[in-house]
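Architecture and fold: a report
The chain contents come next:
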Amino acid sequence: MADPRVLGEKGRTPFQEVFGNMPLPVDPSGNGLDYDTYWEERIRNGVMTEPARRRARGVIDLIAPGDTVLDVGCGTGETLELLRDEKSIKGTGLDVSSVALDHVRSKGFGTVCSDLTRTDASLDGEWDHIILFELVEHIQDAEVLVSKLKEHYRKGLYITTPNLGYLAHRLRLLFGRFPVTYISDPREHLRFWSVKDFVWWSAALGLPAPQVRGLRGKPNAFSLPRRWPSLFASEVVYCFRK
């Protein structure tokens, strides 16, 4: 199978999504790369992240020209690039990797180096929009992170995460297999939500009721992921608006 990071997709057919084996870690020895080295490799190899752009397109209608946007867990800034190209936003990237942030800064964006999951970390400033794309499932203390952001946006907070209630995952459980929500390494994801669980979870953190948008899924006929995201969307964006 081709490298799914290059394709920007998980690269599995519907049959594989339901009946395929769980991918083993990229490095089964357990000697994984640290985060800075991870970004050095991706930058060096020119890995494109089309999913970052797909997620940006999922909320672009909610962003006005010239708005300010904070991208938390920005990586190398592809999301901010698309929003700037389409909406002339003023973007800031926040990440824990200085390597990734150097790349973001070279594209003309502001940067913040911080780990907001730390109880002693704080965030200064206010933005029209804050985005967290495919981040909360990777961290242990997602509650700490989200709670720190809810007072720092003026218009919208947008969070994407895999949907554990996706039809393929339900079928995997029916046939005795655990859902596969990651791309190539089972250590990628630490937290899991269905749409119903995420809506409840965010309300418990004091966020307003979100608009739920399905971003992708199979089958895609009749816009099923968009019409019924809780069942047909493998990836969901939750739009919290003020």
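Here, the structure is the one placed above.
The structure presented is a predicted model; accordingly, all values stated were derived computationally and were not measured.

Turning to the packing of aromatic side chains, a few remarks are in order. If you walk through the whole model with that rule in mind, you get 6 aromatic pairs. Both rings, one in Trp193 and one in Phe198, keep their centres 5.4 Å apart while their planes meet at 75°; by these two values the pair is edge-to-face. We note that Trp193, like Phe198, is buried. Ring geometry for Phe198 versus Tyr238: centroids 4.0 Å apart, planes at 15°, classification stacked. Note that Phe198 is positioned in helix α9 (residues 195–204) and Tyr238 in strand β7 (residues 235–241), a separation of 40 residues in sequence. On the accessibility criterion, Tyr238 (0% relative accessible area) is buried.

Before going further, it helps to spend a moment on the packing of helix α4 (residues 50–59) against helix α5 (residues 78–87). Taken N-terminus to C-terminus, the directions of α4 and α5 make an angle of 45°; their axes are 8 Å apart at the nearest point. Of the possible angle classes, the one that applies to α4 and α5 is oblique. Crossing handedness for the pair α4 and α5: right-handed. Of the residues in α5, those touching α4 at Ala52, Arg53, Ala56 and Arg57 are Glu78, Thr79, Leu82 and Leu83. Across the contact of α4 with α5, the residue classes break down as 4 nonpolar, 1 polar and 3 charged.

This part covers the nonpolar core. Counting 29 residues, the largest nonpolar core has Val72 and Leu132 as its most contacted members. Going through the elements one at a time, β1 (68–72), β4 (127–133), α7 (142–149), β5 (153–162), α9 and β7 are the ones with two or more residues in this core. If one sorts the elements of this core by residue count, α7 sits on top with 4 residues. If we skip the residues at most four places from it in the chain, Val72 touches Leu94, Ile130, Ile131, Leu132, Leu135, Leu145 and Leu149. One finds Val69, Leu101, Val237 and Cys239 within the second-largest nonpolar core, a separate group that totals 20 residues.

For the rest of this paragraph, the subject is the state of the cysteines. The full count for this structure, using the stated rule, is 0 disulfides. Looking at Cys74, it has no disulfide partner, and the nearest cysteine sulfur is the one in Cys113, 9.5 Å off. Under the relative-accessibility criterion, Cys113 is labelled exposed at 53%.

As a further point, take the environment of Asp67. Relative to the elements of secondary structure, Asp67 occurs in the loop between α4 and β1. Owing to a relative accessible area of 5%, Asp67 belongs among the buried residues under this scheme. Those residues within four positions of Asp67 in sequence are excluded, and the remaining contacts are Ile89, Lys90, Asp128, His129 and Lys155.

Quick look at the side chain of Arg55 now. Relative to the assigned elements, Arg55 resides in helix α4. The class for Arg55 is buried, based on a relative accessible area of 13%. Discounting chain neighbours no more than four positions away, the residues touching Arg55 are Phe133, Glu134, Thr160, Leu215 and Glu235.

Criteria and cut-off values
Per chain, the residues get numbers from 1 upward, laid out in the order the sequence is written. The predicted nature of this model means local features are confined to residues of pLDDT at least 70 and side-chain atom pairs, given and counted, to a pLDDT of 80 or more, with totals for whole chains, interfaces and linings taken over all residues. Side-chain figures throughout are based on the complete set of non-hydrogen atoms in the structure, without hydrogens or water. To pair, rings of Phe, Tyr and Trp, with the six-membered ring standing in for Trp, must have centres within 6.5 Å; the planes then decide the type, stacked if under 30 degrees apart, edge-to-face if over 60, and tilted in the middle. The cut-offs for exposure are 20% and 50% of the maximum accessible area for each residue type, with area from a 1.4 Å probe on protein chains only; residues under the lower value are buried, those over the upper are exposed, and the others partly exposed. In DSSP terms, a helix is any run of H or I states spanning at least four residues, a strand is any run of E spanning at least two, and both are numbered starting from the N terminus. The convention used is that axes are lines fitted to C-alpha atoms, helices contributing only their stretch in contact, and that angles between N-to-C directions extend from 0 to 180 degrees. Our angle categories are set so that under 35 degrees counts as roughly parallel, over 145 as roughly antiparallel, 65 to 115 as roughly perpendicular, and the remainder as oblique. Crossing handedness: left-handed means the near helix sits turned counterclockwise from the far one by under a right angle, and right-handed means the same turn made clockwise. By the convention used here, residues are in contact when the closest approach between their heavy atoms is within 4.5 Å. Under this grouping Gly is polar, as are all residues other than the nonpolar Ala, Val, Leu, Ile, Met, Phe, Trp, Tyr, Cys and Pro and the charged Asp, Glu, Lys and Arg. Grouping buried Ala, Val, Leu, Ile, Met, Phe, Trp, Tyr and Cys residues that are joined through side-chain atoms within 4.5 Å yields what is termed a nonpolar core. We call a pair of cysteine sulfur atoms a disulfide whenever their separation is within 2.5 Å.

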